Amino acid sequence: MTTSPNTQIQPLSFAFDESTGQVSIGGVPLPELIKRHGTPLYIMDEETLRQMMQSYKSAFERYPAPVQVLFAAKANLTMGLCALIQQEGLGIDVVSGGEYYTALKSNFPTENLVFNGNNKTVDELELVIHHGIGLISVDNFHELTLIHQIAQQTGKRVDVVLRITPGIECHTHDYIKTGLLDSKFGFDLSRLSQVIDLITTDYNETIRLTGLHAHIGSQIFEIKPYVDLIEVMLNLFYNIREHYGLTLTHMNIGGGLGIAYQSQDDPPNVSDYANQVIDKLIDYAEKIDFPLPMLILEPGRSLVATAGTTLYRVGSTKVIPEINKTYVAVDGGMGDNIRPALYGAVYTALIANKYNEPHTRHVTLAGKYCESGDILIRDLLVPESIAPGDLVLVFGTGAYNYTMSSNYNRVPRPAMVLVNDGQSQVLIQRETYDDIIARDLIPESFLTQKVSAEN
Ligand SMILES: Cc1ncc(COP(=O)(O)O)c(C=O)c1O
């Protein structure tokens, strides 16, 4: 008999086979995955990825104007994922030359790329304007001038939206509405007329203003802030039409929809989110008599987090009877998942090779890196028999794990594989020690000194 997953937290293809006692993801039993790819290992479930992408697309289908779903590359990007995103008909939101280049080299259509970020460099802007970009979300006056200059040199006219701070900020349940937001991103609303003046006069030949963009936060569990955001943005669209005779056509409401990392988490589902967003747009646009804009979304985490699982092997354990504490250390940690150390992110995990044993023993799941703060899970329930060699599966690691990874302690990064139908395909190869030293150089002068010392 096969036990199916808790699909809120585990990838859709997660399964436990009673007859073999083995856990599998994408139809590949974990021992087989280890034999092929080793540990630690980022495992991406293709079924979950595709299902999430399709659910975004279908949830917004009934919106009467165009919709563009952009995957926020910062959550997780590889060339293989670019290909999958393209197959599913999504665009990509990039925030650096590196993310753009990854998409470009994957033959991703550049018109489906949007470039965000608060300090785009001249090199980055030249790269994207030269090779092509769907939209640039302009963050500040400095950038606006750079775009104008580069567009002038290349004889292009660049389509832009303006990133604004709408006075709404939200993280999980923490929802704040402020008059003027303290944020490093975007234009505050009092600057908006100055920017539009500049674009519509001096920069009219090089820059075409198509709309507005806002991103109100991450891991958001409420839909109301998005509904409020739409009203704020449509009012701005209305006022801009009144004052400039300019009818904006693009509304980018950012990403931020939350996911369940723990069983008590209860994020909204994509279709509820879509329905409330669409209803508000239709109702409010009609109320103020404004044509429905094209809707742009930039989800990151909600598209990829649950598809990802990290597989580790247990090494050392340390029991401290005086304080009744047990540390269980795995062969990865803050180098492949910095989020718990960085901002106290929480995860759910289990011991896969002892799936059937009751998980009743409280331990602290530690990493192998030389920082006391390298703790992956502060209080994890594991079987009483936990021992070196056991396999730990940490769920929900498909977003902001690999992209925030490092070579701290010169530990090579894990491989990332895509699993489906009993197959595993490598998305990123495991780093080797030679990769670690590949860019190191010993200064010439040191080599000469060494030779003379030997002489
Ligand atoms: C501008 C912008 N768009 C989209 C996202 C994606 O957010 P999430 O992964 O929470 O959906 C982010 C995340 O920081 C962002 O800054």
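Residues numbered from 1 in each chain as written. Predicted model: local features only at pLDDT ≥ 70, side-chain atom pairs only at ≥ 80, totals over all residues.

Draft legend 1. Up close: the packing of helix H4 (residues 97-105) against helix H5 (residues 122-131). The N-to-C vectors of H4 and H5 enclose an angle of 25°; their axes lie 10 Å apart at closest approach. Comparing their axes, H5 and H4 come out roughly parallel. Considering how the two elements wind past one another, H4 and H5 form a crossing that is left-handed. Taking contact as the criterion, the partners of Gly97, Tyr100 and Leu104 in H4 are, on H5, Asp123, Glu124, Leu127, Val128 and His131. (Axes fitted to C-alpha atoms, helices over the stretch in contact; angles between N-to-C directions. Helix = DSSP H or I, 4+ residues; strand = E, 2+ residues; numbered from the N terminus. Parallel < 35°, antiparallel > 145°, perpendicular 65-115°, else oblique. Left-handed = near helix turned anticlockwise from the far one by under 90°. Contact = placed C-beta atoms within 7 Å.)

Draft legend 2. A look at the pairing of strand E3 (residues 22-25). Note: strand E2 (residues 15-17) against E3, three bridges, orientation antiparallel. Looking at E3, one finds that Ala15 is bridged to Ser24. Counted between consecutive antiparallel strands, the loop separating E2 from E3 contains four residues, among which Gly21 sits at a positive phi close to 70°. Pairing of E3 with strand E4 (residues 28-29) involves two bridges; the strand directions are antiparallel. Paired with Ile25 across the two strands is Val28, which belongs to E4. Linking E3 to E4, which pair antiparallel, is a turn of two residues; within it Gly26 sits at a positive phi near 60°. (Pairing = 2+ DSSP bridges.)

Draft legend 3. Structural context of the domain arrangement of the chain. One can read the domain layout of the chain as domain 1 (2-45 + 306-437) and domain 2 (117-297). The straight-line distance from the C-alpha centre of domain 1 to that of domain 2 is 37 Å. Each side of the interface is counted separately: domain 1 has seven residues, and domain 2 has five residues. Among the residues making up the side of domain 1 that touches domain 2, the classes are represented as three nonpolar, four polar and no charged. (Domains from an automatic or database assignment. Nonpolar A, V, L, I, M, F, W, Y, C, P; charged D, E, K, R; others polar.)

Draft legend 4. Representation of the nonpolar core in the model. Ranked by size, the top nonpolar core spans 120 residues in total, and within it Ile92, Val160, Leu365 and Val392 carry the most contacts. Split by domain, this core shows at least three residues from each of two domains, domain 1 (2-45 + 306-437) and domain 2 (117-297). If near-sequence neighbours (up to four positions away) are discounted, Val392 is found in contact with Tyr312, Val314, Val330, Ala349, Ile351 and Leu365. (Core = buried A, V, L, I, M, F, W, Y, C linked by C-beta atoms within 7 Å. Buried ≥ 20, exposed ≤ 12 C-beta atoms within 10 Å, placed from the backbone.)

Draft legend 5. How the structure looks around helix H3 (residues 79-87). Among the residues of H3, those classed as buried are Leu81, Cys82 and Ile85. An end-on view of H3 places all buried positions within 105° of arc, on one side of the element. Lining the buried residues of H3 we find strand E6 (67-72), strand E7 (91-94), H4 and strand E24 (423-428). Just beyond H3, the residue with positive phi is Gly89, at close to 80°. (Arc of directions from axis to C-beta.)

Draft legend 6. Inspection of helix H2 (residues 46-59) at higher detail. The end-to-end C-alpha distance of H2, which contains 14 residues, comes to 20 Å, matching closely the 20 Å that a straight helix rising 1.5 Å per residue would cover. Where H2 is buried, its residues meet strand E5 (41-45), E6, H3, helix H9 (270-287), helix H10 (301-304) and strand E23 (415-420). (Expected span 1.5 Å × (residues − 1).)

Draft legend 7. Examining the environment of Gln264 more closely. Here Gln264 lies in the loop between strand E15 (250-252) and H9. As a C-alpha pair, Gln264 and Ile278 span 14 residues in sequence and 28 Å in three-dimensional space.

Draft legend 8. Quick look at the environment of His215. In this fold, His215 is placed in the loop between strand E14 (207-213) and helix H8 (224-244). It is 29 Å that separates the C-alpha atoms of His215 and Leu12, two residues lying 203 residues apart in sequence.

Draft legend 9. Layout of the pairing of strand E17 (residues 308-320). Pairing geometry for E5 and E17, over four bridges, is antiparallel. What sits directly across from Ile43, in E17, is Thr309. Summarising the sheet, E17 and strand E22 (residues 391-395) pair through five bridges and their orientation is antiparallel. Within the sheet, the bridge partner assigned to Tyr312 lies in E22 and is Val392.

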